[in-house]
Amino acid sequence: MNYQWYPGHMTKAKRMMQENICLIDLVIELVDARIPLSSRNPDIDELGKNKSRLILLNKSDLADAGANQAWIAYFQRQGFYVLEINAKTGQGLKAIQGMVKEACKDKIERDRKRGIKNRPVRAIVVGIPNVGKSTFINSFAGKACAKTGNKPGVTKGKQWIRLNKELELLDTPGILWPKFESQEVGRKLAYIGSMNDEILQMTELAMDLTAYLLEHYRGELLERYQMEDCGEKLTPVMVLEHVCENRKCYKKGQEPDYEKAAALVVDDFRSGRIGRITLEMPESARLD
């Protein structure tokens, strides 16, 4: 399967960010904690250079707790401020205001010396589609001020949001990059739902995901689907066959419905029902 994207409004989103970056003090970048590197747009570092940077590991409750700590340390070594959050429940959001002040302390001090008081920090919120940007803004602001949706591309235009006298946010549409250098990145983005499922071959996607889980999260996978461990003989195909039987995924005539079973496995991963799973680690750490 070939993973690719780049709808027209993504070009517009990048241009919008380029036009507005001069107004910005801080770039707040949301990434998916399960794939912190693959869910970062490589263009953001270039667009946001010379700006204070805050990375939010969103959906951190779905990711491996130990892996979250490894990624926080990794990004801190790159010079970023980092927090793990869950935008949906509000976990970790209270710490953001203090970290914004810390990240922008030089700017705040320059304003003070110039006699400029109470000018809010202006932050741009960026992230690829479906990483949880709008949900984060709504939770952080305490009201529904940005549209939310579980499909990529809900946010179509920019909007300034005044949170309080100290902070203003600029919401932007999710920005994608024109072409993946690695199809592995595309595959991981497909796993978490950052692509339109309608263009994916769900059975192939589930097989690849299951192969990874068998290697790194075997116990969680087998427990979820009430399977016994057959050692090295256990394959992704065998897992899907078991899911068909266990969850009654059949077509007419009791023929196994692998596509339905595949969609179930992918959905169980995305929702955290299999367990807390991280799909990539920094080079300085690894999954056992």
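Further up the page is the structure itself.
Before going into details, it helps to say that this report is about the structure given with it. (Residues numbered from 1 in each chain as written. Predicted model: local features only at pLDDT ≥ 70, side-chain atom pairs only at ≥ 80, totals over all residues. Heavy atoms only, no water.)

## Some remarks on unusual backbone geometry
Here is step 1: Its identity as a non-glycine residue notwithstanding, Gln 226 has a phi of 50°, on the positive side.
Here is step 2: As for its position among the elements, Gln 226 is in the loop between α9 (218–224) and α10 (236–246).
Here is step 3: Looking at Gln 226, the relative accessible area reads 61%, which means it is exposed.
Here is step 4: In this model, Lys 248 sits at a positive phi of 55°, which is unusual for a non-glycine residue.
Here is step 5: Along the chain, Lys 248 falls in the loop between α10 and α11 (258–270).
Here is step 6: On the basis of relative accessibility, which here comes to 57%, the residue Lys 248 falls in the exposed class. (Helix = DSSP H or I, 4+ residues; strand = E, 2+ residues; numbered from the N terminus. Buried < 20%, exposed > 50% of the residue type's maximum accessible area, 1.4 Å probe, protein only.)

## Things to note about the sheet that holds strand β4 (residues 121–126)
Here is step 1: Pairing is mixed in the open sheet, where six strands are placed in the order β3-β2-β1-β4-β6-β5. This sheet does not close on itself; its edge strands, each paired only once, are β3 (81–84) and β5 (159–164). When the angles between neighbouring strand axes are averaged without regard to direction, this sheet yields 25°.
Here is step 2: By the bridge criterion, four bridges tie strand β1 (residues 26–32) to β4 in an arrangement that is parallel. Bridged to Ile 28 within β4 is Val 125. (Pairing = 2+ DSSP bridges. Axes fitted to C-alpha atoms, helices over the stretch in contact; angles between N-to-C directions.)

## Some words on the packing of helix α8 (residues 202–216) against α11
Here is step 1: Between α8 and α11, the shortest axis-to-axis distance is 8 Å and the interhelical angle comes to 50°. Here α11 runs oblique to α8, going by the angle between their axes. For the element pair α8 and α11, the recorded crossing hand is left-handed. In this structure, α8 contributes Met 202, Thr 203, Leu 205, Ala 206, Leu 209 and Thr 210 to the contact, and α11 contributes Tyr 258, Glu 259, Ala 262, Ala 263, Val 265, Val 266, Phe 269 and Arg 270.
Here is step 2: Residues that form the contact of α8 with α11 fall into these classes: 10 nonpolar, two polar and two charged. (Parallel < 35°, antiparallel > 145°, perpendicular 65-115°, else oblique. Left-handed = near helix turned anticlockwise from the far one by under 90°. Contact = heavy atoms within 4.5 Å. Nonpolar A, V, L, I, M, F, W, Y, C, P; charged D, E, K, R; others polar.)

## A few points about the nonpolar core
Here is step 1: Residues Leu 26, Ile 28, Leu 56, Ile 96, Phe 136 and Leu 169 are the most contacted members of the largest nonpolar core, which totals 58 residues.
Here is step 2: The leading source of residues in this core is α8, at seven residues.
Here is step 3: With residues near it in sequence (within four places) discarded, Leu 26 still touches Ser 52, Arg 53, Leu 54, Val 100, Ala 103, Cys 104, Val 121, Arg 122, Ala 123 and Ile 124.
Here is step 4: Counting residues in hydrophobic clusters, the runner-up holds 10 residues, among them Val 31, Ile 55, Trp 71 and Phe 80. (Core = buried A, V, L, I, M, F, W, Y, C linked by side-chain atoms within 4.5 Å.)

## With respect to the pattern of salt bridges
Here is step 1: Under the criterion given, the structure shown has 22 salt bridges.
Here is step 2: With its nearest N and O atoms 3.4 Å apart, the salt bridge here joins Arg 119 to Asp 25. You can see Arg 119 sitting in the loop between α5 (105–113) and β4 and its partner Asp 25 sitting in the loop between α1 (8–20) and β1, a full 94 residues away along the chain.
Here is step 3: Glu 29 is the salt-bridge partner of Arg 53, the closest N and O atoms lying 3.1 Å from each other. With a gap of 24 residues between them, Arg 53 in strand β2 (residues 52–58) and Glu 29 in strand β1 connect regions that are remote in the sequence.
Here is step 4: You can call Arg 53 buried: its relative accessible area is 9%.
Here is step 5: Salt bridges sharing partners connect three or more residues here, namely Asp 25, Lys 107, Asp 111 and Arg 119. (Salt bridge = Lys/Arg side-chain N within 4 Å of Asp/Glu carboxyl O.)

## Here we look at the packing of aromatic side chains
Here is step 1: Summed over the entire model, instances satisfying the criterion amount to five aromatic pairs.
Here is step 2: Linked through ring pairs, Trp 71, Tyr 74, Phe 75 and Phe 80 together constitute an aromatic cluster.
Here is step 3: Directly above the aromatic system of Trp 160 lies the positively charged group of Arg 122, at a separation of 4.1 Å from the ring centroid. (Phe/Tyr/Trp six-rings, centres within 6.5 Å; stacked < 30°, edge-to-face > 60°. Lys NZ or Arg CZ within 6 Å of the ring centre and 35° of its normal.)

## Comments concerning the packing of α10 against α11
Here is step 1: Interhelical geometry of α10 versus α11 gives an angle of 95° and a closest axis separation of 9 Å. Overall, the two elements α10 and α11 adopt an arrangement that is roughly perpendicular. Of the residues in α11, those touching α10 at Leu 240, Glu 241, Val 243 and Cys 244 are Tyr 258, Ala 261, Ala 262, Leu 264 and Val 265.
Here is step 2: By residue class, the composition of the contact of α10 with α11 is eight nonpolar, no polar and one charged.

## Considering the pairing of strand β6 (residues 167–171)
Here is step 1: Counting buried residues along β6, five of its five residues qualify, which places the element largely inside the surrounding structure.
Here is step 2: Of the two faces of β6, the one lined by Leu 167, Leu 169 and Asp 171 and the one lined by Glu 168 and Leu 170 are each fully buried.
Here is step 3: As defined by bridge partners, β4 adjoins β6 across five bridges and the pair is classed as parallel. Across the sheet, residue Arg 122 finds its bridge partner in β6, namely Glu 168.

## Topic: the pairing of β5
If a strand is regular, its side chains alternate between the two faces of the sheet.
Here is step 1: As paired strands, β5 and β6 are joined by five bridges and run antiparallel to one another. If you follow Trp 160 over to β6, its bridge partner there is Leu 170.
Here is step 2: Here β5 folds back onto β6 in antiparallel fashion, the turn holding two residues.

In short, shape yes, function no, at least from these values alone.
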